[in-house]
Structures are given as C-alpha cells and as structure tokens.
Amino acid sequence: MAKGDGRAKTAGVQETGAAAKPRRPQTQGWARTRGVSRWKKLFAWLLPHRAAGEEKRIREIGRLIRYRFRNHELLEQALTHRSFVAGSKANRLDSNERLELLGDAVLGLAVTEYLFRRFPRKPEGELTSIKSLVVSQQVLSRVARQIRLGDHIRMSQAEERSGGRERPSILSDCLEALIGAIYLDGGFQEAMRFVRRHILAGMDALLHEEMLRNYKSELLEFAQARNWGNPVYRVVREEGPDHEKMFTVEVDVAGRARGIGTGRTKKVAEQQAAREALRQLQNQGA
C-alpha cells in the first residue's frame, strides 16, 4: 500500500504539475490578447479621426487654391519639400522637385500664350521681359503667401525652425509644383485657369509698379555699397528701321553679374538689363 500510495502521490504531483504548467501561458496569452484588443480599439478610433483630419486639410487647401484634386497623392507630393523625405526611408523622388520642373514648364507656356494674345503688337524682347517678371521668384512667392501655401508644406522640423515656411525659394518652388500637379490632375486648361486666377490677375498692377522703379539707380547703389565700382553698359545689338529700332544692351557688374535687356530705346533696354543683373545678384545672396 505504501508503494502504491507513493506512486499515487508521485502521479498526483505529476498530474498537478502537468495541470499547473499550462496555466501561466494561458494567463499570459489572455493578457496579450487583451492588450492587442486595446490597440485594435485605439487604432479603430484613431484611423477614422486621422482620415477625417486629412480630408478636412485637403478641403481647406482646395478652398484656398480654388481647385479640387481628384488624385490627392499629387497634391501631397506637390506640398512635400525635399527636407521632409531626406531623413526618412522615403525616396527623394517623393518630394515635389519633379513636379516643380513640370510646373515651371507649364507656367512658362501659360504665361507666354497669355502675353502673346494680350499684346499682339509687342516684339519678342518686350514679351520676354514681361514674362520673366511675372514668373519671377518674387512674384510667385508673393502669390504663395496670398493663398497661405506655406502653412501646408510638409518639411523637416529643422527646415521649419530656420524659417522655411516663409522662404521665397521654397514658396515659389512649391507653387510651381502645385501648377504641375494641377496639370497632371486636370489638364492644361485647369492649370491655365489657376495661373490666370492667381498670377496673371495682378499683372497690370505689377507692370505699373515696375514702370515706377528705377533699376539703374538701384543697381548703382547696390554696387557702390559693396565697393564694386559703377556698372558698365554697352549696346550689343541694334535691329530694325530707324522708326522701329530695337536695342539690346548688356550691363556688367564687376564681373559678378551680367544682365541683358531689350527695348525700343537705349534707356528702356538699360533698365531691363539692370533689372536682370539685380535679380542675379539677389539670387546669389550678394
């Protein structure tokens, strides 16, 4: 009996151990299941709210630019600065640089076509000067601020802290990328409508403002303030009969910039050349 009792006890211990052994993983599995369930509930709550917030943001951008995108991914890419993808696993191709290249070409065509039809009596040189003004960084960044584009650009925290949302180069590049995205999403007519509405609408006021500026004086002050001496102007070409002569003038600023301008008089051509030289120097950060 003692041996039997011993065996029974041993068996009882084994049975108890065998029965107790799976209890721990069962409890852990239950805890893990409960934890996963909590995360599922959290994600189930977060995802619709995030989607709703993103939809609200897209609607707000559409209201500001007065265009509703069919393909939201094009809009997101147009608003993605290269700094946003530089520190992540995302590809550099996910930034807005490719769209900016396309948008620059679409913008150039839209503005050129508009000027060609608007000013049938102006020669190529004058149309080129007006176009370069309308698509300049100064004008494009101003338009981008008017539609609050900087508020919606995706960029790195470092870029944002350094003033990226107000930087003219970033704003103008993003506006061109947006034009490229609209072209892909809705075609040239939609892109042209955007350009007319937001850029060309203020062209007359811009040209009037331009007429009042004296670029030769500004360039002279700019050069003298840096001890570069006086800008040097020279006529490089004269074309046409005396009553419709066109002058092309080149200005050199201490070998640091060279502007070329065209006009019906030497004075107008010099002003255009001075403006181009100023633009170059400002872009160089001189």
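Here the structure is a predicted model, which means the values were calculated and not measured.

(A) Inspection of empty space enclosed by the protein at higher detail. Tallied over the entire structure, the rule returns one cavity of 30 Å³ or more. A volume near 40 Å³ is recorded for the largest cavity. Looking at the largest cavity, the residues that line it are Leu133, Gln138, Val139, Arg142, Leu206, Glu209, Glu210, Arg213 and Tyr215. The residue inventory of the lining of the largest cavity, partitioned by class, reads four nonpolar, one polar and four charged.

(B) Representation of the sheet that holds strand S3 (residues 257-263) within the structure. An order of S1-S2-S3 is seen for the three strands of this open sheet, with the pairing classed as antiparallel. Two strands lie at the open edges of the sheet, namely strand S1 (232-239) and S3, each paired on one side alone. Taking the axes of each pair of neighbouring strands and ignoring which way they run, one obtains an average angle of 20 degrees across the sheet. Pairing between S1 and strand S2 (residues 246-253): seven bridges, direction antiparallel. Looking at the pairing, Val235 lines up with Val249 of S2. Of the strands in this sheet, S1, S2 and S3 are in contact with helix H13 (residues 266-284), which crosses S3 at around 145 degrees.

(C) Quick peek at the pairing of S3. The buried fraction of S3 amounts to five of the seven residues, a majority that puts the element mostly inside the structure. With seven bridges connecting them, S2 and S3 associate as antiparallel partners. Its bridge partner being in S3, Asp252 is matched across the sheet by Arg258. Between the antiparallel neighbours S2 and S3 lie three residues, among them Ala254 with a positive phi of about 50 degrees.

(D) Seen up close, helix H12 (residues 215-225). Those residues of H12 lying buried are Tyr215, Leu219, Phe222 and Ala223. With its buried residues spanning 95 degrees around the axis, H12 presents them on a single face. Exposed and oriented more than 90 degrees from the buried face of H12 are Glu221 and Ala225. Residues of H12 that are buried make contact with helix H11 (203-211), S1, S2 and H13.

(E) Here's a closer look at the packing of helix H6 (residues 124-134) against H11. Remark: H6 packs on H11, axes separated minimally by 11 Å, with the N-to-C direction vectors making an angle of 105 degrees. The angle between H6 and H11 places the two elements in the roughly perpendicular class. Each of Ile130, Leu133 and Val134 in H6 lies in contact with H11, whose residues at this interface are Met203, Leu206, Leu207 and Glu210. Among the residues forming the contact of H6 with H11, the class breakdown is six nonpolar, no polar and one charged.

Conventions adopted
Residues numbered from 1 in each chain as written. Predicted model: local features only at pLDDT ≥ 70, side-chain atom pairs only at ≥ 80, totals over all residues. Heavy atoms only, no water. 1 Å grid on protein atoms, 1.4 Å probe; cavity = no way out; pocket = protein on both sides within 12 Å on 5 of 7 lines; lining within 4 Å. Points joined across faces, edges and corners; volume = space filled by probe spheres on them. Nonpolar A, V, L, I, M, F, W, Y, C, P; charged D, E, K, R; others polar. Pairing = 2+ DSSP bridges. Helix = DSSP H or I, 4+ residues; strand = E, 2+ residues; numbered from the N terminus. Axes fitted to C-alpha atoms, helices over the stretch in contact; angles between N-to-C directions. Contact = heavy atoms within 4.5 Å. Buried < 20%, exposed > 50% of the residue type's maximum accessible area, 1.4 Å probe, protein only. Arc of directions from axis to C-beta. Parallel < 35°, antiparallel > 145°, perpendicular 65-115°, else oblique.

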